[in-house]
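Given next are the chains, with one letter for each unit.
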Amino acid sequence: MSHTAHIPSHRKPRQRASKSALRAGVAGGFLSTIAVAGAAGPAQAEPVTQTIEMPTITDGLSTAVAASAQATQQVALDLETRASEDAAAEKAAKTAKKAHAEAVRKAEAKKKAEAAAKAKAEAEAKERAERASRTAERTTLSASSGSSDSGSSASASAPSSSSNVSGSAASIVAFAKAQVGDAYVSGGTGPNAWDCSGLVQAAYRTAGIDLPRVSQSQSTAGTQVSLDNLQPGDILYWGGAGSAYHVAIYVGGGEFVGAQNSSTGTVQRSLDYDRPTGAVRVL
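Residues numbered from 1 in each chain as written. Predicted model: local features only at pLDDT ≥ 70, side-chain atom pairs only at ≥ 80, totals over all residues. Heavy atoms only, no water.

Digging into the overall build of the protein chain
Next, step 1: Looking only at helices and strands, the protein chain has six helices and eight strands in total.
Next, step 2: Sorting the 283 residues of the protein chain into buried and exposed places 23% on the buried side.
Next, step 3: A sequence separation of at least 24 residues applies to 57% of the contacts in the protein chain between residues at least 6 apart.
Next, step 4: A total accessible area of about 19,100 Å² is found for the protein chain, and carbon and sulfur atoms account for 57% of it. (Helix = DSSP H or I, 4+ residues; strand = E, 2+ residues; numbered from the N terminus. Buried < 20%, exposed > 50% of the residue type's maximum accessible area, 1.4 Å probe, protein only. Contact = heavy atoms within 4.5 Å. Areas by Shrake-Rupley, 256 points an atom, 1.4 Å probe, with all protein chains shown as cover.)

Rendered as structure tokens:
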């Protein structure tokens, strides 16, 4: 085979000139169309000479909201002010009520204190008068007892009426009566407070007779006598002889004087008030 032999080419054959021209014409026409359209577009649009500002609705809404908020705040402030005023008025009313109650309490306390002071002053004046009276009676009794020479035998024959009592019995009875109204104090021996046996012992001492201190011993200090045959000056006792728990002095006329208890003090009572168990005669 010859080296110069023709070798077929693998390249595509060239297109014909007519086809190339056709393609070029189409492309050119398309581009021309675009150019024409671009040129025609701006020529038809009107130029912008001013801008129109659209109306806003936010200003009116903001004003309404602000006004509503302000009104709400004012209402809240008014309510708070009214609540404060009501609280202040209530507090003032309570304070005034408390002050009035305190003033009434003080006035009542002052009135009671004045009444108590007046009653105390009257009681003290009465007590001083009674003490002065008893002192005068005791002075008279002491004088009559010292000048009397009648003994126990004279008193034994004395009548039961206290108005006719004389001698030692009269001294005992008068002393006992002079103590009526004195206080009762357990263990008291005078001069203004007594227990039952302390009063009996002091009364007999005015007649120069020393009795035992306690009621048990005083109930056996003399001769036992019947309650139907009593004489002024006899010792009355309650309980058994030798175990008596209370004593008093018979003053005649069916009555006795005794320091009864802390509630009654020293009293003069009928035998029926508290019937004694028995009696002894010392004079």
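Points about unusual backbone geometry
Next, step 1: The omega torsion across glycine 190 and proline 191 is 5 degrees, close enough to zero to call that bond cis.
Next, step 2: Of note, proline 191 is situated in the loop between β1 (183-184) and β2 (193-194).

As for the sheet that holds strand β3 (residues 223-225)
Next, step 1: One open sheet accounts for six strands, arranged β3-β8-β4-β5-β6-β7; its pairing is antiparallel. Because the sheet does not close on itself, it has two edges, and the strands there are β3 and β7 (265-270). Averaged over neighbouring strand pairs, the angle between their axes works out to 35 degrees when direction is ignored.
Next, step 2: Relative to the sheet, helix α5 (residues 196-205) contacts β4 (235-238), β5 (246-252), β6 (255-261) and β7, its axis offset from that of β5 by approximately 45 degrees. (Pairing = 2+ DSSP bridges. Axes fitted to C-alpha atoms, helices over the stretch in contact; angles between N-to-C directions.)

As for the confidence of the model for the protein chain
Next, step 1: Summarising the model, the protein chain shows a mean pLDDT of 77, and 64% of its residues fall at 70 or more.
Next, step 2: Below pLDDT 50 for its whole length, residues 33-37 participates in zero contacts with residues either more than four positions away or in separate chains.
Next, step 3: Below pLDDT 50 for its whole length, residues 145-162 participates in 25 contacts with residues either more than four positions away or in separate chains. (pLDDT = per-residue confidence, 0-100.)

Quick look at the pairing of β7
Next, step 1: Alignment of β6 against β7, held across six bridges, turns out to be antiparallel. Its bridge partner being in β7, glutamate 255 is matched across the sheet by serine 270.

Quick notes on helix α4 (residues 167-178)
Since there are 3.6 residues in each turn of an α-helix, residues three or four apart along the chain are aligned in direction.
Next, step 1: Over its 12 residues, α4 runs 17 Å from end to end, which matches the ideal 16 Å to within 8%, given 1.5 Å per residue.
Next, step 2: Here α4 has its buried residues at Ser168, Ala169, Ser171, Ile172, Val173, Phe175, Ala176 and Ala178. (Expected span 1.5 Å × (residues − 1).)

Structural notes on the nonpolar core
Next, step 1: Ranked by size, the top nonpolar core spans 25 residues in total, and within it Ile172, Val200, Tyr204, Ile235 and Ile249 carry the most contacts.
Next, step 2: Counting residues per element, this core draws most heavily on α5, at six residues.
Next, step 3: Setting aside anything within four residues of it in sequence, one finds isoleucine 235 in contact with Val200, Tyr204, Leu211, Gln218, Val247, Ala248, Gly278, Ala279, Val280 and Val282.
Next, step 4: Core analysis: the second largest hydrophobic core is formed by nine residues, Leu230, Leu236, Tyr250 and Leu271 among them. (Core = buried A, V, L, I, M, F, W, Y, C linked by side-chain atoms within 4.5 Å.)

Quick notes on the side chain of aspartate 234
Next, step 1: Relative to the assigned elements, aspartate 234 resides in the loop between β3 and β4.
Next, step 2: Judged by relative accessible area, which is 2%, aspartate 234 ranks as buried.
Next, step 3: For aspartate 234, the side chain forms a polar contact with the main-chain nitrogen of glutamine 231, separated by 2.8 Å.
Next, step 4: Engagement of the side chain of aspartate 234 in a polar contact is seen with the side chain of arginine 281, the distance being 3.0 Å.
Next, step 5: Dropping the residues within four chain positions of it, aspartate 234 is found in contact with Tyr204, Val225, Asn229, Ala248, Ile249, Tyr250, Val280 and Arg281. (Polar contact = N/O pair within 3.5 Å; in protein donor to acceptor, adjacent residues only side chain to side chain.)

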